[in-house]
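Secondary and tertiary structure notes
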Amino acid sequence: MNVLSQAWGWLTTSANWSGSDGIPTRFLQHYEYSAEAVLIGALIAFPLGLLTGHVKRGGLLVTSLANVARALPTLGLVVLLVVVMGVKFRAVMIPLVALTVPPILLNTYEGVRNVDPQLTDAAKGMGLRPWQVLWRAEVPAALPLILTGFQFAAVNAVANTAIAAYSSFGGLGRFVIDGLATTDYGMVAGGAFLIVIAAILNLVIFAVLRKLLISPGLRQKKPTT
């Protein structure tokens, strides 16, 4: 029996869909961890991206911070933090947050910085204050890039939240780790499949958000990666 049929057998076993270790519970845990990482990353990166994009300064700082965060080895950092801090949730959350910062920071900065100057000049000519120009003119125009940054951050978080299982926490990565430990490759493949589904679900959610929040004329802006 190949791995795919083993995975199908595991996914269709009713016992795997109930209890504290069941698929729905692990799925919710996975999204809870990733959502928390995106939220914390947004609190760090979004204001900084707005500020630097609005004043059109600090591009080197933004790029450097994003590159440093991207260069961090996620699993290696988790292992190091667990050794230093012990088996604590923040040892997992720090690397996940580091993954979410670059796309939010870069896309927010580039989106706001590249808003058409005629639009901002018109807003200033109407007597709007700088913060009003930012929120009423620049942010709406930059929203396609900003949402794309959040989308990348969310997908990165969902795809990498499996590392939480390395530190004895839950989430869909628990199936992968436990399956490897018990040589249950159906569980391993099934868990990996569920992680992919979780990431795809994020893409669907953001596609809906783009249709709801962004006018058709702004949807064609290319993302910054």
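Residues numbered from 1 in each chain as written. Predicted model: local features only at pLDDT ≥ 70, side-chain atom pairs only at ≥ 80, totals over all residues. Heavy atoms only, no water.

Named according to an unreviewed UniProt entry, the chain is ABC transporter permease subunit originating from Catenulispora pinistramenti. Turning to the chain, the UniProt record has this under Sequence similarities (unreviewed entry): "Belongs to the binding-protein-dependent transport system permease family." (UniProt positions renumbered as here; feature names shortened; annotations may be inferred.)

**Concerning the pattern of salt bridges**
Inspection of every chain in the model, using the stated rule, returns three salt bridges. Residue Glu110 is joined to Arg113 by a salt bridge in which the shortest nitrogen-to-oxygen separation is 3.0 Å. Here Arg113 and Glu110 lie together in helix H5 (residues 89-113), a separation of three residues that amounts to about one turn. (Salt bridge = Lys/Arg side-chain N within 4 Å of Asp/Glu carboxyl O. Helix = DSSP H or I, 4+ residues; strand = E, 2+ residues; numbered from the N terminus.)

**Some details on the UniProt feature "transmembrane region" (unreviewed entry) in the chain**
Per the UniProt annotation, the sites labelled "transmembrane region" (unreviewed entry) are residues 33-51, 71-89 and 185-209. Measuring from the first to the last C-alpha atom of residues 185-209 gives 36 Å, for a span that is 100% helix and 0% strand.

**What about the UniProt feature "domain: ABC transmembrane type-1" (unreviewed entry) in the chain?**
On the UniProt side, "domain: ABC transmembrane type-1" (unreviewed entry) is annotated at positions that read residues 27-206 here. Each end of residues 27-206 is marked by a C-alpha atom, and these two atoms are 19 Å apart; helix forms 83% of the span and strand 0%.

**Digging into the side chain of Thr108**
Take Thr108: it is sitting in helix H5. Thr108 sits in the buried class, given a relative accessible area of 0%. A distance of 2.7 Å separates a polar side-chain atom of Thr108 from the backbone oxygen of Ile104. Dropping the residues within four chain positions of it, Thr108 is found in contact with Phe46, Gly49, Leu50 and Ile146. (Buried < 20%, exposed > 50% of the residue type's maximum accessible area, 1.4 Å probe, protein only. Polar contact = N/O pair within 3.5 Å; in protein donor to acceptor, adjacent residues only side chain to side chain. Contact = heavy atoms within 4.5 Å.)

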